[in-house]
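Chain residues, written in single-letter form:
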Amino acid sequence: MAERNNTRPSPDRQTRGRIDYSKNSRQKRGNQRSDDGGRLSSTIIKLLVVLVLLLLVVSLWRNRIDLSCANLTQCADDTFAMCGTGKGFPSTINGSHAASIDSIADGGIVLLSDTSLTIYDDTAREAAVRAHFMSSPAMKVAGRYAVTFDMGSTDFRVDAAADTIAAGDAERPLVSCAVSRDCCYALVMQGSSKGESWLSSVEVFDREGESLHKWHCADWYLTDAALSADGAYLALAGVNASGGELVSAIIIHKVGSMDQVAEYVLSDNICLSLEYNNDGTLFAIGSNALTVVTDSGKQREDIKYTGTLAAYDVCYDGGAVVCTADELGTTANVYDARGRERCTYRVSSAVQNVSLSDEACAVIGDGILTAIRLDGTLITQVEANATTGGLLLIDRTAYTVDGMRVSSLELK
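Residues numbered from 1 in each chain as written. Predicted model: local features only at pLDDT ≥ 70, side-chain atom pairs only at ≥ 80, totals over all residues. Heavy atoms only, no water.

(A) Fine view of the environment of Ile-303. If you trace the backbone, Ile-303 turns up in strand S21 (residues 299-304). Overall, Ile-303 belongs to the buried group, its relative accessible area being 15%. Taking C-alpha positions, Ile-303 is 9.7 Å from Arg-340, a pair spaced 37 residues apart along the chain. (Helix = DSSP H or I, 4+ residues; strand = E, 2+ residues; numbered from the N terminus. Buried < 20%, exposed > 50% of the residue type's maximum accessible area, 1.4 Å probe, protein only.)

Rendered as structure tokens:
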């Protein structure tokens, strides 16, 4: 009898074959998942790199003026001038009373008094004290530069923390001045007494004192001026009488061009102050309305006040705040960089001073400082003895001027 030949694989061999196959399958699936995960991680990293580069480009574009060669050189000089440590605030001012306070040179404070211009660092160290002999001193500030002028006279000066950039006498008595973040400056002058047909004039200079733009105005008595951050656009406020009433206008020029970009005649609203922000938006503070001009002068919007104008401020890195009073108190209206309403806040007292930063807003009324976030929520309310002296908010630090002292307060 023939012996049966068993050709079936043994259980051990069959099991080993299945195990080997399963290992290869799991390894292939594992490799596939690993490849998918690697590709996903690589895609995420690339997206993050692109996002960071875009943010860097946007940041460089927004700060392109401050990063110009002249400003970088000035930054180095100012940084050296502001090295050191002071005794801290409060600090006694130079002079008998303060005329104006503003920010300058990356966290510095510039204070104009009746006798001098003083630049402090954030520890109250005096980086510069420069005497003046102006009877009616006024000041405009942009970035690292402050232009000081004597209203009704011809004296003017442009200062930085490290040095004085320009100083001299205007051709005619000054009505207002302006300065840009690249140190172009504009002188607004009264009309000539020699019988010419124009009522006012304005001239724009670069930091070397070379004339860039000159205009004689025959229709308006010019009252204020503002230069865009790069000095490319000049905005002017003017008034005149028409039909027995006072009429106001906003005039915008391209510096170096003889063509007028825009002229807006305001209805029942006298323009009091002009200022550009980082986005090129022009905020015109009026007696009865805030006028917001965008797109290099092509678009205009008027925002009527609901009460009587009490105080205002414009933030270069943000928007504007306008405080209006009624019989029940004061309303602070905060607007973003394009003039859209951001928040409102009611204060029960009359407001004397207001300041806006890119993080918060602060008002002073009846000896109380009220600080709010830009979403309208309260940060703090504290006593602050500053009425007419001035208020300056840098980030979350408030600087107040009361009589002969400058004080600081951290807003938590």
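(B) Structural context of the confidence of the model for the protein chain. Averaged over all residues, the pLDDT of the protein chain is 87; the fraction at 70 or higher stands at 84%. Contacts from residues 1-21, a stretch scored under 50 in pLDDT, to residues over four places away or in other chains number zero contacts. (pLDDT = per-residue confidence, 0-100. Contact = heavy atoms within 4.5 Å.)

(C) Spotlight on the pairing of strand S29 (residues 378-383). Pairing of strand S28 (residues 368-373) with S29, which is carried by five bridges, proceeds in the antiparallel orientation. Its bridge partner being in S29, Ile-368 is matched across the sheet by Glu-383. (Pairing = 2+ DSSP bridges.)

(D) Representation of the sheet that holds strand S18 (residues 271-276). Reading across the sheet, the four strands line up as S18-S19-S20-S21 and stay open at both edges, with antiparallel pairing between neighbours. Two strands in the sheet have a free side with no partner beyond their single neighbour: S18 and S21. Across the sheet, the mean angle separating the axes of adjacent strands is 15 degrees when strand polarity is ignored. Note: S18 against strand S19 (residues 282-286), five bridges, orientation antiparallel. Bridging from a neighbouring strand, Leu-274 pairs with Ala-284 of S19. (Axes fitted to C-alpha atoms, helices over the stretch in contact; angles between N-to-C directions.)

(E) Region of interest: the side chain of Asp-159. Considering the arrangement of structural elements, one finds Asp-159 in strand S8 (residues 155-159). Excluding its chain neighbours within four sequence positions, the residues that come into contact with Asp-159 are Ile-104, Leu-117, Arg-130, Arg-144, Tyr-145, Ala-146, Thr-164 and Ile-165.

(F) Highlighting a nonpolar patch on the surface. Side chains of Ile-44, Leu-48 and Leu-51 sit close together on the surface and give an oily, nonpolar patch of about 270 Å² of accessible area. Looking at the element boundaries, Leu-51 is found in helix H1 (residues 11-62). (Patch = residues over 30% accessible without salt bridge, like charges linked within 9 Å, V, L, I, M, F, W, Y side chains within 5 Å. Areas by Shrake-Rupley, 256 points an atom, 1.4 Å probe, with all protein chains shown as cover. Salt bridge = Lys/Arg side-chain N within 4 Å of Asp/Glu carboxyl O.)

(G) A look at the nonpolar core. Judged by nonpolar contacts, the single largest core of 19 residues is most densely connected at Val-202, Leu-222, Leu-227, Leu-234 and Leu-236. Of all elements in the fold, only strand S10 (174-179), strand S11 (185-190), strand S12 (200-205), strand S13 (211-217), strand S14 (221-227), strand S15 (233-242) and strand S16 (245-254) reach the threshold of two or more residues within this core. Beyond its immediate stretch of four places on either side in the chain, Leu-227 contacts Ala-178, Val-179, Ser-180, Cys-184, Tyr-185, Ala-186, Val-204, Tyr-233, Leu-234, Val-255 and Tyr-276. Judged by nonpolar contacts, the second largest core, of 18 residues, contains Ala-138, Tyr-145, Phe-156 and Cys-183. (Core = buried A, V, L, I, M, F, W, Y, C linked by side-chain atoms within 4.5 Å.)

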